[in-house]
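A look at the structure
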Amino acid sequence: MIYADNAATTKLSVAALDAMMPYLMENFGNPSSLHTMGQKAAEALQEARETIAVCIGCSPKEVYFTSGGSESDNQAIISAAETGRKKGKKHIISTAFEHHAVLHTLKKLERQGFEIELLPVGSTGTVTAEQVEKAIRPDTCLVTIMYANNEIGSVLPVAEIGAVCRAAKVFFHTDAVQAAGHLHINVKEQNIDMLSLSAHKFHGPKGAGVLYAKTGIIPVSLIEGGAQERGRRAGTENVPAIAGMAAALKEAVANIDINAAKVSVLRDRLIAGLSEIPHCALNGDPVNRLPGNVNFCFEGIEGESLLLLLDAKGICASSGSACASGSLDPSHVLLAIGRPHEVAHGSLRLSLCETNTEEEINIILAEVPAIVKYLRNMSPVWKDLESGKRKFVL
Ligand SMILES: *Cc1c(COP(=O)(O)O)cnc(C)c1O
């Protein structure tokens with residue numbers, strides 16, 4: 001099997017597994033318990049908090065553990081909105097191509113009377129600090145813009161956006177789920193007030209995440225109950241997963257430049273090779289992109305068929321189109337960068353990590369063009385394109 005779907009989730013690292021085992025077995029205590037076993041678990045949480053704080057350049061007191069990226073996004077946005085509501089500020093700025101954890105939370109707030117402004121992301125999938133600056137109003141309570149896009153891999157200028165928000169005294173949250181472990185994060189230097197992380201995107205376990213909230217910002221509880229996470233997130237902490245997350249992030253950050261250099265060589269070979277397929281286009285920014293992200297649209301095919309045939313060849317990839325719950329809607333990200341519906345349906349995302357090999361890239365470069373050709377030969381749409389009945393877009 002060739003795994004090229006690291007933007008969806010990653011394999012647990014050995015370092016993460018080793019860090020988790022003691023808290024699954026001998027030290028399984030509840031960190032809220034006063035006995036020795038509980039206190040060992042509490043120490044593990046504190047150590048993880050310190051490790052993560054060092055990795056993102058904040059204080060351990062600013063680190064809140066959550067169940068993952070989705071929860072962190074929800075909590076960050078709802079917390080800033082609550083603060084805004086109290087001050088009569090109901091304008092929130094974001095982008096059209098955020099993750100659904102952000103977009104659906106914003107939709108909910110819109111129904112509660114907030115005004116949501118989604119900035120256009122242009123054909124390469126980015127926004128500028130100037131766009132944000134122009135959009136900020138006296139009643140803006142939050143800017144939430146992702147660090148790197150999960151589908152097309154474009155990297156956004158978060159430090160500049162943060163500076164603009166800081167100057168205007170508006171909270172800035174960034175979903176850094178795809179950036180963590182691949183791009184440098186320093187919340188102080190990058191003027192970030194709130195940030196979301198998810199362990200399973202950087203070789204940690206599923207079901208653990210971080211919300212960083214700058215001192216002075218008090219996260220609103222989404223879950224009521226005990227006083228865990230200083231009263232901001234009730235429920236017994238997932239100690240093994242949190243320990244694993246800290247170990248995974250520490251390892252990823254320690255190797256960040258080496259891995260990025262290695263992975264981007266593989267990425268660029270894939271991009272160069274796949275670009276030779278007729279009537280295709282690279283999605284996302286050709287330069288400012290995640291080291292492991294490759295995303296193409298191929299005209300005249302369905303992304304799902306391509307994925308199934310790749311899977312049959314032992315290649316795990318993803319299509320840009322979120323066919324969640326059987327809906328045939330194309331990816332909102334591809335539509336946001338201006339791909340027409342029919343082209344957005346024919347997308348392929350290959351997301352690499354440092355354990356992918358040159359040999360695997362060779363196999364992908366042999367299989368994808370052959371499968372695209374095979375699918376086009378069976379496609380009535382392709383026949384119409386070739387005969388001129390329908391106009392090529394790409
Ligand atoms: C995966 C992902 C999330 C959701 O994280 P979970 O831990 O799976 O809830 C949020 N944002 C982005 C950009 C992601 O890639």
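1. Here's the deal with the overall build of the protein
- In terms of regular secondary structure, the protein is built from 14 helices and 12 strands.
- Relative to the 2.2 N^0.38 estimate, which gives 21 Å for 394 residues, the radius of gyration of the protein is 22 Å and therefore close to what a compact globule would have.
- In terms of principal-axis extent, the alpha carbons of the protein reach across some 75 × 50 × 35 Å.
- Evaluated residue by residue, the protein yields a buried proportion of 54% over its 394 residues.
- Working note: accessible area of the protein is about 16,700 Å², and carbon and sulfur atoms make up 57% of it.

2. Let's talk about the domain arrangement of the protein
- Domain parsing of the protein yields domain 1 (2–7 + 256–387) and domain 2 (15–254).
- Taken together, the 25 residues of domain 1 in the interface contact 29 residues of domain 2.
- Along the contact surface separating domain 1 from domain 2 lie zero salt bridges.
- Between the two partners, domain 1 and domain 2, sit 15 residue pairs in polar contact (both at pLDDT 80 or more).

3. Considering the packing of aromatic side chains
- Tallying each qualifying case throughout the model produces two aromatic pairs.
- Their ring planes at 10° and their centres at 5.9 Å tell us that Phe-296 and Phe-298 sit as a pair that is stacked.
- With a centroid separation of 5.5 Å and 70° between ring planes, the pair formed by Trp-382 and Phe-392 is classed as edge-to-face. On the criterion of sequence distance, the pair formed by Trp-382 in helix α14 (residues 380–387) and Phe-392 in the segment after α14 is long-range, its members being 10 residues apart.
- A relative accessible area of 32% places Phe-392 in the partly exposed class.
- One residue, Lys-90, lies across the ring of Phe-114, its end atom 5.8 Å from the ring centre.

4. A word on the site of the ligand
- Contacts to the ligand come from 13 residues, most closely from Ser-70, Asp-175, Gln-178, Ser-198 and Lys-201.
- Between the ligand and Asp-175, the relevant distance is 2.6 Å, taken from a nitrogen atom to a side-chain nitrogen or oxygen of the residue.
- Contacts to the ligand include Lys-201, whose side-chain N or O atom sits 2.8 Å from an oxygen atom.
- For the ligand, the protein covers 86% of the area, taking 380 Å² as the surface of the free molecule.
- Sort the elements by how many residues they give to the shell around the ligand and helix α3 (residues 69–86) lands first, with three residues.

Reading the values: rules and limits
Residues numbered from 1 in each chain as written. Predicted model: local features only at pLDDT ≥ 70, side-chain atom pairs only at ≥ 80, totals over all residues. Heavy atoms only, no water. Helix = DSSP H or I, 4+ residues; strand = E, 2+ residues; numbered from the N terminus. Rg over C-alpha atoms; globule rule 2.2 N^0.38 Å. Buried < 20%, exposed > 50% of the residue type's maximum accessible area, 1.4 Å probe, protein only. Areas by Shrake-Rupley, 256 points an atom, 1.4 Å probe, with all protein chains shown as cover. Domains from an automatic or database assignment. Contact = heavy atoms within 4.5 Å. Salt bridge = Lys/Arg side-chain N within 4 Å of Asp/Glu carboxyl O. Polar contact = N/O pair within 3.5 Å; in protein donor to acceptor, adjacent residues only side chain to side chain. Phe/Tyr/Trp six-rings, centres within 6.5 Å; stacked < 30°, edge-to-face > 60°. Lys NZ or Arg CZ within 6 Å of the ring centre and 35° of its normal. Near = heavy atom within 4 Å.

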